[in-house]
Amino acid sequence: MSLEDHAEELASDLGVDKEEVTRDLENLVNYSVPMDEAKQSLRRKYGDGSSGGDSTPSSKAINEVSTEDSNVTVTAVVLTSGRRSIQYNGEQHVIREGELADETGKISYTAWDGFSGDLQPGQTVQLGNAGVREWDGQPELNLGDSTDPEVVDETLDIDYDVGGRAALQDLAPGDRGITVEVQVLECEQKVIDGRDGETTILSGVLGDESGRLPFTDWDPHDEIEEGASVRLDETFVREFRGAPSVNVSEFSAVTALDRTVGVTEDAPRLSVREAVESGGLFDVELAGNVIEVRDGSGLIERCPECGRVIQNGQCRSHGAVEGEDDLRTKAILDDGTDTVTAVLDDELTARVYGGDLDDAREHARDAMDKEVVAERISDRIVGREYVVRGSLSVDEYGANLTASTFAEADDDPATRAQALLQEADT
Ligand SMILES: [Zn+2]
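Small disclaimer: the values here were computed from a predicted structure and weren't measured. One numbering rule holds for all chains: residues counted from 1, following each sequence as written. A pLDDT threshold of at least 70 governs which residues receive local features in this predicted model, and a stricter bar of 80 or more applies before side-chain atom pairs are shown or counted, although totals over entire chains, interfaces and linings include all residues.

J.: Would you mind showing me how to read the overall build of the protein chain here?
T.: Working definition: helices are DSSP H or I runs of at least four residues, strands are E runs of at least two. Numbering for both runs from the N terminus. Looking only at helices and strands, the protein chain has eight helices and 22 strands in total. C-alpha atoms of the protein chain, sized along the principal axes, occupy 85 × 60 × 45 Å. Around each residue's C-beta, the other C-beta atoms within 10 Å are counted; 20 or more make the residue buried, 12 or fewer make it exposed, and counts in between make it partly exposed. All C-beta atoms are placed from the backbone. Per-residue burial over the protein chain gives 32% buried out of 426 residues. Contacts here follow a simple rule: the backbone-placed C-beta atoms of the two residues must lie within 7 Å. Taking the intrachain contacts of the protein chain between residues at least 6 apart in sequence as the baseline, contacts between residues at least 24 apart amount to 60%.

The structure is reproduced here in structure tokens:
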């Protein structure tokens, strides 16, 4: 069923103008709301056959707002506000997103371009007739041209900080209107195929005292360069390869700082379960026993076109190809709370195998069997405890930790004490 058809059906069910419904539906769908949820929300908005429309929405405390509400009036403090440009009906629209809080809790909002309010962080506002929709199972306020905003002179005793100042470690996909002070650790220009042809963007890695995260600057700012310490205002956080990523846009303010932002050397150490439950981490340290070396380890072949691992000279995308040899290890790490697959590149694999690619080729040739390489790796690491640092992604392929370091855990208390003493000496 096309969007048109859905709109037609809704309009006739609800007895309202089809064009209006189409527009609303397009808004929601373009904002990645699933079709079923979008239709439900419009059924609520247009009253689903009941008389609706002329009832005044009730004033509610934020913790009382539920996904069952269609419209509410709330009085709240603006915590964060971030602009973002999106496209629907073939046009560019600027929406504002962030969070509001009162004494009872906080709630996310989206303000569409018809909304007439200002939404400065720190302001107390009364929002009359704010729409409610469900987003990720939670109620969210939808502010549009039918919402009546008013700045009120009232101080609310809220439990949250105003402004989106955050440490990198605390950011999660969906955060908006965020301010961070960071050091740019890596930065490169990329040319991508954007909506309006080729555009240049910046991408790389940011760091602060709490951790590291990747970033993308969609509207390159001169102040963002390798080694620079900068303050980034009005950024938003998206998921990129299973981990949070900081997004800088044309609405972000970038200020060079006259101090150097310190960057932690360490990655946070978590249990495997905590790490997997986080949904993905750019830089994390896990420790556990290697319980198995998975298929697809040892001496493998990759497609020269796309780099995918191939079997029997066949790439899923490129058909029959002349494969290129490579080394890789996929080791299942178990710490008693959960398991994760640590993926080791050629260099780390060479270290655990005890030989480079040429050695592995010779080894396989002599044995007339490629599997001997994976077998030796397995013999050397299974049953031992390792500390692995890397980037964790959690998706339909499972929990994979792309390792940057893979070191055997030093369990000897005497050696550990010795190391501590040496540290204290220096
Ligand atoms: Zn390929």
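Having put the structure on the table, let's press on.
J.: Would you mind showing me how to read the environment of Glu 209 here?
T.: With respect to the secondary-structure elements, Glu 209 resides in the loop between strand 9 (197-207) and strand 10 (212-217). Taking the C-alpha atoms as reference, Glu 209 lies 41 Å from Ala 38; in sequence the two are 171 residues apart.

J.: What should I look at first to understand the domain arrangement of the protein chain in this one?
T.: Accessible area lost when the parts come together is the quantity often used to give the size of an interface. Domain delimitation follows an automatic or database domain assignment. Each assigned domain of the protein chain is listed with its residue range as follows: domain 1 (1-52), domain 2 (56-163), domain 3 (168-256) and domain 4 (272-408). Between domain 2 and domain 3, the C-alpha centre-to-centre distance is 26 Å. On the side of domain 3, eight residues touch domain 2, which itself brings nine residues to the contact. Contributions of two or more residues to the side of domain 2 that touches domain 3 are made by strand 2 (82-88) and strand 3 (91-102). With four residues, strand 2 is the largest single contributor of residues to the side of domain 2 that touches domain 3. By the convention adopted, Pro, Cys, Tyr, Trp, Phe, Met, Ile, Leu, Val and Ala count as nonpolar, Lys, Arg, Asp and Glu as charged, and the other residues, Gly among them, as polar. Taken together, the residues of the side of domain 2 that touches domain 3 break down into no nonpolar, six polar and three charged.

J.: Even after reading the chapter, I still don't get the pairing of strand 8 (residues 178-194), so can you show me in this structure?
T.: Across a regular strand the side chains alternate sides, sitting on one face of the sheet and then on the other. Any two strands with at least two DSSP-identified bridges between them are counted as paired. Relative to strand 11 (residues 229-240), strand 8 runs antiparallel, the two sharing five bridges. Bridged to Glu 181 within strand 11 is Arg 231. Alignment of strand 8 against strand 9, held across eleven bridges, turns out to be antiparallel. Looking at the pairing, Cys 187 lines up with Gly 204 of strand 9.

J.: Teacher, can you tell me more about the packing of helix 1 (residues 3-14) against helix 2 (residues 18-30) here?
T.: The relative placement of two packed helices is expressed as an angle between their axes plus a distance between the axes. Where helix 1 contacts helix 2, the two axes come as close as 9 Å, and the packing angle between them is 130°. Here helix 2 runs oblique to helix 1, going by the angle between their axes. As helix 1 runs across helix 2, the sense of the crossing is right-handed. Where helix 1 approaches helix 2, its residues Leu 3, His 6, Ala 7, Glu 8, Leu 10 and Ala 11 are matched on the opposing element by Lys 18, Val 21, Thr 22, Leu 25, Glu 26 and Val 29. When grouped by side-chain class, the residues that make up the contact of helix 1 with helix 2 number seven nonpolar, two polar and three charged. Fitted lines through C-alpha atoms serve as axes, helices being fitted only where they are in contact, and the angles separating the N-to-C directions of these axes extend from 0 to 180 degrees. Roughly parallel means an angle under 35 degrees; roughly antiparallel means over 145; roughly perpendicular covers 65 to 115; every other angle is labelled oblique. Note on convention: near helix rotated counterclockwise from far helix by under a right angle means a left-handed crossing. Clockwise means right-handed.

J.: Looking at this model, I keep getting lost on the nonpolar core. Mind explaining?
T.: Soluble globular proteins tend to pack their nonpolar side chains together in the buried interior. Among the nonpolar cores identified, the biggest contains 53 residues, and Leu 333, Val 340 and Ala 342 are the most heavily contacted of them. For this core, the element with the most residues is strand 14 (residues 280-293), which contributes six residues. Shared between two domains, this core holds at least three residues of each, these being domain 3 (168-256) and domain 4 (272-408). What Val 340 contacts, discounting residues up to four positions off in sequence, is Val 272, Val 276, Leu 286, Leu 333, Leu 392, Ala 399 and Leu 401. The term nonpolar core means buried Ala, Val, Leu, Ile, Met, Phe, Trp, Tyr and Cys residues held together as one set by C-beta atoms within 7 Å. With 21 residues, the next largest nonpolar core counts Ala 76, Leu 79, Ala 130 and Val 132 among its residues.

J.: Please clarify how the pairing of strand 21 (residues 385-395) should be interpreted in this entry.
T.: Looking at chain direction, strand 14 and strand 21 are connected through eight bridges and run antiparallel. Bridging across to strand 21, Leu 281 finds its partner in Leu 392. Pairing geometry for strand 21 and strand 22 (residues 398-408), over ten bridges, is antiparallel. In the sheet register, Val 394 faces strand 22, and the bridge partner there is Ala 399. A loop of two residues connects strand 21 with strand 22, the two strands running antiparallel in sequence.

J.: Just to check I follow, could you spell out unusual backbone geometry for this structure?
T.: In most cases, non-glycine residues show a negative phi, while peptide bonds are predominantly trans. At Leu 119, a position not held by glycine, the phi torsion is positive, near 60°. Counting through the fold element by element, Leu 119 comes out in the loop between strand 4 (105-111) and strand 5 (124-135).

J.: Help me understand the confidence of the model for the protein chain, please; the structure alone is not making it clear to me.
T.: Low pLDDT means the predicted coordinates in that region are not meant to be read closely. The predictor attaches a confidence to each residue, called pLDDT, with possible values from 0 through 100. The pLDDT averaged across the protein chain works out to 89; a share of 94% of its residues lies at or above 70. When the elements of the protein chain are averaged for pLDDT, helix 8 (residues 413-425) gives the smallest value, 57, and strand 20 (residues 339-344) the largest, 98. Under a pLDDT of 50 for its full length, residues 49-54 has, in the predicted model, three contacts with residues more than four places off or in other chains.

J.: In this structure, what is going on with the packing of helix 1 against helix 3 (residues 35-45)? I would like to understand it.
T.: Here helix 1 crosses helix 3 at 25°, and the two axes come no closer than 11 Å. Between helix 1 and helix 3, the angle falls in the class roughly parallel. Of the two possible hands of crossing, helix 1 and helix 3 adopt the one that is right-handed. Taken together, the residues of helix 3 that come into contact with helix 1 (itself represented by His 6, Leu 10 and Leu 14) are Met 35, Lys 39, Leu 42 and Arg 43.

J.: When you look at helix 2 in this model, what are you seeing that I'm missing?
T.: It helps to recall that an α-helix has 3.6 residues per turn; residues three or four apart then point in one direction. The span expected for a helix works out to 1.5 Å for each residue beyond the first. Look at helix 2: 18 Å from first C-alpha to last across 13 residues, which is about the 18 Å you get at 1.5 Å a residue. Restricting attention to buried positions, one finds in helix 2 the residues Val 21, Asp 24, Leu 25, Asn 27 and Leu 28. Along the axis of helix 2, the buried residues cluster in a sector spanning 155°; they form a single face. Where helix 2 is buried, its residues touch helix 1, helix 3 and strand 2. Positive backbone phi, at 65°, marks Ser 32, one or two positions downstream of helix 2. This arc is built from the directions going out from the helix axis to the C-beta atoms.

J.: Can you walk me through helix 7 (residues 371-381) in this structure?
T.: Turning to helix 7, its buried residues number three or more, namely Val 373, Ala 374, Ile 377, Ser 378 and Ile 381. An end-on view of helix 7 places all buried positions within 135° of arc, on one side of the element. Buried positions along helix 7 lie against strand 14, strand 15 (298-302), strand 19 (324-334), helix 5 (346-353) and helix 6 (357-367). Just past helix 7, the residue Gly 383 takes up positive phi, approximately 90°.

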